[in-house]
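Residues per chain are reported as follows:
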Amino acid sequence: MTAADRDEDDGIVHGHCEPEFGRVRQALAEILVSGSEVGAALAVYIGSQAVVDLWGGHADAARTRPWERDTIVNLYSVGKAVTAVCALCLVEAGQLDLDAPVARYWPEFAEAGKARIPVRYLLTHQAALPAIARPLPSGAWRHWDAMTAALAAQPPWWEPGNGHGYHVNTQGFLIGEVVRRITGQTLGTYLRERIACPAGLDFFIGCGAELDRRCADLVPRPPSPEDEALRRQLSVNPESLSGLPLMRVNAYRNPPELSGTGVVNTRAWRAAEVPSTNGHGNARAVARLYSALAGDGELDGVHVLSPESIERATESQVHGDDLLLQRPTRFGLGFQLTMAERPLGPSPRAFGHFGAGGSLGFADPDARVAFGYAMNQGRGGWQHRHVRRLIDLVYAAL
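For the structure given in this document, a descriptive report is provided here. Just so we're clear, the structure is a prediction, and the values are computed from it rather than from any experiment.

Within the protein chain, the secondary structure is distributed over 14 helices and 15 strands. What you see for the protein chain is a C-alpha radius of gyration of 20 Å, in line with the 21 Å of a compact globule of 398 residues. For the C-alpha atoms alone, the extent of the protein chain along its principal axes is close to 60 × 55 × 40 Å. Put simply, the protein chain has 398 residues, and 58% of those count as buried. Here the contacts in the protein chain between residues at least 6 apart in sequence split such that 66% fall between residues at least 24 apart. When the accessible surface of the protein chain is totalled, it reaches about 15800 Å², and 52% of it is carbon and sulfur. Of the charged side chains in the protein chain, 38 are positive and 44 negative; the average position of the first set lies 4 Å away from that of the second.

Structure below.
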């Protein structure tokens, strides 16, 4: 039976899946019909075989543009793992030493008592630089040198290595600057030339205008009661945020649009390189990359990472209360690792990365499963029940 024989189009979900994954197709259709997602795509690989490649819904809030096979979308923190892969390629090539000081490659980073911070802390969220204290102007996220200079000047928020805290928007700038100092290329360019173009991988950090027609718009999340209360509070007293820990506020809001707020669907945001936050891709690209990481590290004849490098990168480095998120997190070298609170399938060795709103990519090296999910409905948090259901149905079909 060919892939074409397995293609179906019920007017809701398009694409194909192997017959045994029919309940996965049905579940995705139910998610779209219920309105849980505006548009979404799901891809699953077993080894090198695509057993699920589905999409449906709409690419805009007005529901005038259908989600197409080649639609890409801002995947938020899914890009952190892609950024880490780029750094790990340099480690494997002998160009980057994880235990060397960051300042060896980026001398200005030694400012403010940071001369001894090792490169690995950038990958494990132990560098104590999740935010910039000095207020930055609107639009500073567009200017790479401004962001990296501010991070170089920033003192650590805690003793580096003594605890970890999610570098929600800064990790990509930190790792990306090390990559740039070594290669002379921006992270987006390095990704494109080293992995994405050779392997035909539809993932971009910094999108050219020619990709705009393929980009789904992120739909703003409905305001929660907490959001409304904060909005009313700020309208009465704009300084009321000063009572919150500066590190936590600035991690998301300095500069004001750092998390994509108000700009996520603009040409300027798509063109910029904000690697922790604005990587654009689709479920197929994410699953294809993780299919290499779940196996021998090869993607359609392109070497990504050796099995030994993958194994080292997915060993637990930190696990416990996160100083920024104030809940438990667990990381390897740039990857989120499966944990009881946020399992990535049943395997204790699964690894990957969530993105805000529910996007997700992960690899299960035991079952050789690679999973990619992309969507455009804004919402808080990482893990959501309907994504968990899709994962459970995938494993039920194995």
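More follows now that the structure is in view.
Across residues other than glycine, the phi torsion is negative in most instances, and most of the peptide bonds are trans. Of the consecutive residues asparagine 254 and proline 255, the connecting peptide bond is found in the cis state with omega at 0°. Within the secondary structure layout, proline 255 lies in the loop between helix 10 (246-253) and helix 11 (267-271). Even without glycine at this site, tyrosine 76 takes up a positive phi of about 50°. Positionally, tyrosine 76 belongs in the loop between strand 5 (73-74) and helix 3 (78-92).

With that settled, the discussion passes to the nonpolar core. Formed by 85 residues in total, the largest nonpolar core has its most connected members in Tyr290, Leu293, Val304 and Phe335. Once residues lying within four places of it in the same chain are set aside, the contact partners of leucine 293 are Val85, Val304, Leu305, Ile310, Phe335, Phe351 and Ala363.

Before going further, it helps to examine the side chain of glutamate 257. Examined against the element boundaries, glutamate 257 turns out to sit in the loop between helix 10 and helix 11. No salt bridge is formed by the buried glutamate 257. Its closest oppositely charged neighbour is arginine 142, at 8.9 Å. Engagement of the side chain of glutamate 257 in a polar contact is seen with the backbone nitrogen of glycine 139, the distance being 3.1 Å. Setting aside residues no more than four positions away along its own chain, glutamate 257 makes contact with Ser138, Gly139, Trp141, Val263 and Trp269.

Within this structure, the stated rule accounts for 16 salt bridges. Across the pair arginine 389 and glutamate 30 runs a salt bridge whose closest N-O atoms are separated by 3.0 Å. Here arginine 389, found in helix 14 (residues 385-396), pairs with glutamate 30, found in helix 2 (residues 22-34); they are 359 residues apart in sequence, far enough to count as distant. Assessed through its relative accessible area of 39%, arginine 389 is described here as partly exposed. Residue glutamate 30 is classed as partly exposed on the basis of its relative accessible area of 34%. Between arginine 214 and aspartate 202 there is a salt bridge, with its nearest N and O atoms 2.4 Å apart. Here the residue arginine 214 occupies a position in the loop between strand 6 (203-204) and helix 9 (225-236), and aspartate 202 occupies one in the loop between helix 8 (187-199) and strand 6, the gap between them amounting to 12 residues. The burial state of arginine 214 is the same as that of aspartate 202; both residues are buried. Here the residues in one salt-bridge network are Arg65, Asp212, Asp217, Arg267 and Arg270, joined through shared partners.

Applying the stated criterion across every chain yields a total of 9 aromatic pairs. When the centroid spacing of 6.3 Å and the interplanar angle of 55° are considered together, the rings of tyrosine 290 and phenylalanine 351 count as tilted. In this pair, tyrosine 290 is assigned in helix 12 (residues 283-293) and phenylalanine 351 in strand 13 (residues 351-354), connecting sequence segments 61 residues apart. When its relative accessible area of 2% is taken as the criterion, tyrosine 290 is described as buried.

Our focus in this paragraph is the sheet that holds strand 7 (residues 280-281). Read across the sheet, 3 strands follow the order 5-7-6 without closing on themselves; strand pairing throughout is antiparallel. Two strands lie at the open edges of the sheet, namely strand 5 and strand 6, each paired on one side alone. Here strand 6 pairs with strand 7 via 2 bridges, running antiparallel. Of the residues in strand 7, the one forming a bridge with phenylalanine 203 is glycine 281.

Conventions adopted
- Residues numbered from 1 in each chain as written.
- Predicted model: local features only at pLDDT ≥ 70, side-chain atom pairs only at ≥ 80, totals over all residues.
- Heavy atoms only, no water.
- Helix = DSSP H or I, 4+ residues; strand = E, 2+ residues; numbered from the N terminus.
- Rg over C-alpha atoms; globule rule 2.2 N^0.38 Å.
- Buried < 20%, exposed > 50% of the residue type's maximum accessible area, 1.4 Å probe, protein only.
- Contact = heavy atoms within 4.5 Å.
- Areas by Shrake-Rupley, 256 points an atom, 1.4 Å probe, with all protein chains shown as cover.
- Lys, Arg positive; Asp, Glu negative; His and termini not counted.
- Charge placed at Lys NZ, Arg CZ, Asp CG, Glu CD.
- Core = buried A, V, L, I, M, F, W, Y, C linked by side-chain atoms within 4.5 Å.
- Salt bridge = Lys/Arg side-chain N within 4 Å of Asp/Glu carboxyl O.
- Polar contact = N/O pair within 3.5 Å; in protein donor to acceptor, adjacent residues only side chain to side chain.
- Phe/Tyr/Trp six-rings, centres within 6.5 Å; stacked < 30°, edge-to-face > 60°.
- Pairing = 2+ DSSP bridges.

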